[in-house]
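One letter stands for each residue in the lines below.
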2 protein chains.
Amino acid sequence: MIVRELGAARNSERHVRGEGWDSTRLILAGDGMGFSFHITRIHEGTSHLFHYRHHLESVYCIAGEGTIEDLATGQVHEIRPGVLYALDKHDRHRLTARSEMVMACCFNPPVTGSEVHRADGSYAPAEEVA
Amino acid sequence: MIVRELGAARNSERHVRGEGWDSTRLILAGDGMGFSFHITRIHEGTSHLFHYRHHLESVYCIAGEGTIEDLATGQVHEIRPGVLYALDKHDRHRLTARSEMVMACCFNPPVTGSEVHRADGSYAPAEEVA
């Protein structure tokens, strides 16, 4: 059984930061669960283009408010606590935070821990970061 | 892109109830994500023996307080918001809620939606409930 705590993980290498967001990877590929699990904060007033070409991701909003735009269709969905979105088609999307959004994120395949967003908004596939 | 909302899902067949708990399956096997994602409430003052022989599960506490006991070792871990546990060894465990606990749960392989806990505390493997 693995037990981890967000506050402690934020003071470890599990915590990664980008421009306008930060993410704490509580479960990574090395844990052998077959998915990774991250608590990610999208900082207030920021907007991000993400495109996970090599991963499927689901995101559940715990706190905060904003929007997700599906860049294939232009459709905009409101995000607030209780809303989940899943990028089942590796959907290219824009995420915008009106207030700081706290999100519970699951990735398949699991993130290894060394990925950063590339210029195209994706994470590298696992074989490139191993 | 899939977008779902907890309140609406609680008024659908995605919402399942057991003795002292209920769970809303926002992502199921049929969504093709390779995991399922549930928001589960463990009701105040209840205690449960669970043993997922056929699944790996991670659980992140969003709200509430209680404990998890690892029944292999007798070790008891406090659960409060920000704590995650992962049953990477199909760990048999007892979950006890001092106050209602709201948990974000990921299962691999994904739950199909028709499982219930069996007498041994497990979910049936996917091939038995298909």
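Residue indices begin from 1 for each chain and proceed along its sequence in written order. Here the convention is simple: chains get letters from A, ligands get numbers from 1, in the order in which they are written. In keeping with the predicted nature of the model, local features appear solely for residues at pLDDT of at least 70, side-chain atom pairs appear and are counted solely at 80 or more, and the whole-chain, interface and lining totals rest on all residues. Where side-chain values are given, they derive from all heavy atoms of the structure, hydrogens and water being excluded.

Draft legend 1. Local environment of the relation of the copies chain A and chain B. With an RMSD of 0.0 Å, the operation that places chain A on chain B is a rotation of 180 degrees combined with a shift of 0.0 Å along the axis. Both copies of the chain, as the preceding transformation shows, are related through a two-fold rotation axis. Most of the interface of chain A is mirrored in chain B: 100% of its interface residues are interface residues there too. Least-squares superposition aligns the copies on the C-alpha atoms of those residues with pLDDT at or above 70 in both. Working rule for contacts: check all heavy atoms of both residues, and any pair within 4.5 Å makes them a contact.

Draft legend 2. Geometry of the packing of aromatic side chains. When two rings of Phe, Tyr or Trp (its six-membered ring) have centres within 6.5 Å they constitute a pair, described as stacked for plane angles under 30 degrees, edge-to-face for angles over 60, and tilted for the intermediate range. Enumeration over the complete set of coordinates arrives at 6 aromatic pairs over all chains. Aromatic pair Phe-50 of chain A and Tyr-52 of chain A: ring centres 6.0 Å apart, planes at 25 degrees, arrangement stacked. Only protein chains enter the accessibility calculation, which uses a 1.4 Å probe; a residue whose area is less than 20% of its type maximum is buried, one above 50% is exposed, and one in between is partly exposed. Owing to a relative accessible area of 7%, Phe-50 of chain A belongs among the buried residues under this scheme. Summarising the aromatic geometry, the rings of Tyr-52 of chain B and Phe-107 of chain B are spaced 5.1 Å apart at their centres and angled 90 degrees between planes, so their arrangement reads as edge-to-face. Of this pair, Tyr-52 of chain B sits in the loop between β5 (47-50) and β6 (56-63) while Phe-107 of chain B sits in strand β11 (residues 101-108); the two residues are 55 residues apart in sequence, bridging distant segments of the chain. Phe-107 of chain B sits in the buried class, given a relative accessible area of 1%. Taken together through their ring pairs, the aromatic side chains of Phe-50, Tyr-52 and Phe-107 of chain A make up a single cluster. Note on conventions: DSSP H or I runs of at least 4 residues are helices, E runs of at least 2 residues are strands, and numbering of each starts at the N terminus.

Draft legend 3. Examining the side chain of His-93 of chain B more closely. All names here are of chain B. Within the secondary structure, His-93 is located in strand β10 (residues 93-97). For His-93, a relative accessible area of 0% gives the class buried. By the criterion applied in these results, polar contacts are pairs of N or O atoms within 3.5 Å in which, for protein atoms, one can donate a hydrogen and the other can accept it, and in which residues neighboring in sequence qualify only through two side-chain atoms. There is a polar contact of 2.9 Å between the side chain of His-93 and the backbone oxygen of Asp-91.

Draft legend 4. Structural view of the pattern of salt bridges. Salt bridge criterion: a side-chain nitrogen from Lys or Arg within 4 Å of a carboxyl oxygen from Asp or Glu. In total, this model carries 10 salt bridges over all chains according to the counting rule given. Measuring nitrogen to oxygen at the nearest pair gives 3.4 Å for the salt bridge that ties Lys-89 of chain A to Asp-88 of chain A. We classify Asp-88 of chain A as partly exposed; its relative accessible area is 23%. For Glu-78 of chain B, the salt bridge goes to Arg-98 of chain B, with nearest N and O atoms at 2.8 Å. Taken as a pair, Glu-78 of chain B in strand β8 (residues 76-79) and Arg-98 of chain B in the loop between β10 and β11 lie far apart in primary sequence, 20 residues in all. The class for Glu-78 of chain B is partly exposed, based on a relative accessible area of 40%.

Draft legend 5. Layout of the environment of Phe-50 of chain A. Secondary-structure assignment places Phe-50 of chain A in strand β5 (residues 47-50). For the pair Phe-50 of chain A and Gly-20 of chain A, spaced 30 residues apart in the sequence, the C-alpha separation amounts to 13 Å.

Draft legend 6. Structural detail: the sheet that holds β11 of chain B. Strands are treated as partners if at least two bridges between them are detected by DSSP. Spatial strand order, β1(A)-β9(B)-β6(B)-β11(B)-β4(B)-β3(B)-β2(B): 7 strands in an open sheet with antiparallel pairing. Two strands bound the open sheet, and with one partner strand each, they are β1 (2-5) of chain A together with β2 (15-18) of chain B. Strand-to-strand twist in this sheet, taken as the mean axis angle between neighbours without regard to direction, amounts to 20 degrees. Alignment of β1 of chain A against strand β9 (residues 83-87) of chain B, held across 4 bridges, turns out to be antiparallel. Paired with Val-3 of chain A across the bridge in β9 of chain B is Tyr-85 of chain B. The axes used here are C-alpha line fits, helices contributing only the stretch in contact, and every angle between their N-to-C directions lies in the interval 0 to 180 degrees.

Draft legend 7. Quick look at the interface of chain A and chain B. On the chain B side, the residues contacting the 37 residues of chain A number 37 residues. Note on definitions: buried area is the accessible-area loss of two parts on being combined, 1.4 Å probe, summed for both. Carbon and sulfur atoms supply 72% of the area that chain A and chain B bury against each other, a total of about 3,100 Å² over both sides. The three residues of chain A that bury the most area against chain B are Met-1, Met-33 and Leu-84 of chain A, which together make up 25% of that side's buried surface. Inspection of the chain A/chain B interface yields 0 salt bridges.

Draft legend 8. Representation of the sheet that holds strand β11 (residues 101-108) of chain A in the model. Reading across from one edge, β2(A)-β3(A)-β4(A)-β11(A)-β6(A)-β9(A)-β1(B) is the order of the 7 strands in this open sheet, with antiparallel pairing throughout. Pairing within the sheet leaves two strands with one partner each, and these edge strands are β2 (15-18) of chain A together with β1 (2-5) of chain B. When the angles between neighbouring strand axes are averaged without regard to direction, this sheet yields 20 degrees. Note that β2 of chain A and strand β3 (residues 21-27) of chain A share 4 bridges and pair antiparallel. Bridge pairing links Arg-17 of chain A to Asp-22 of chain A in β3 of chain A.

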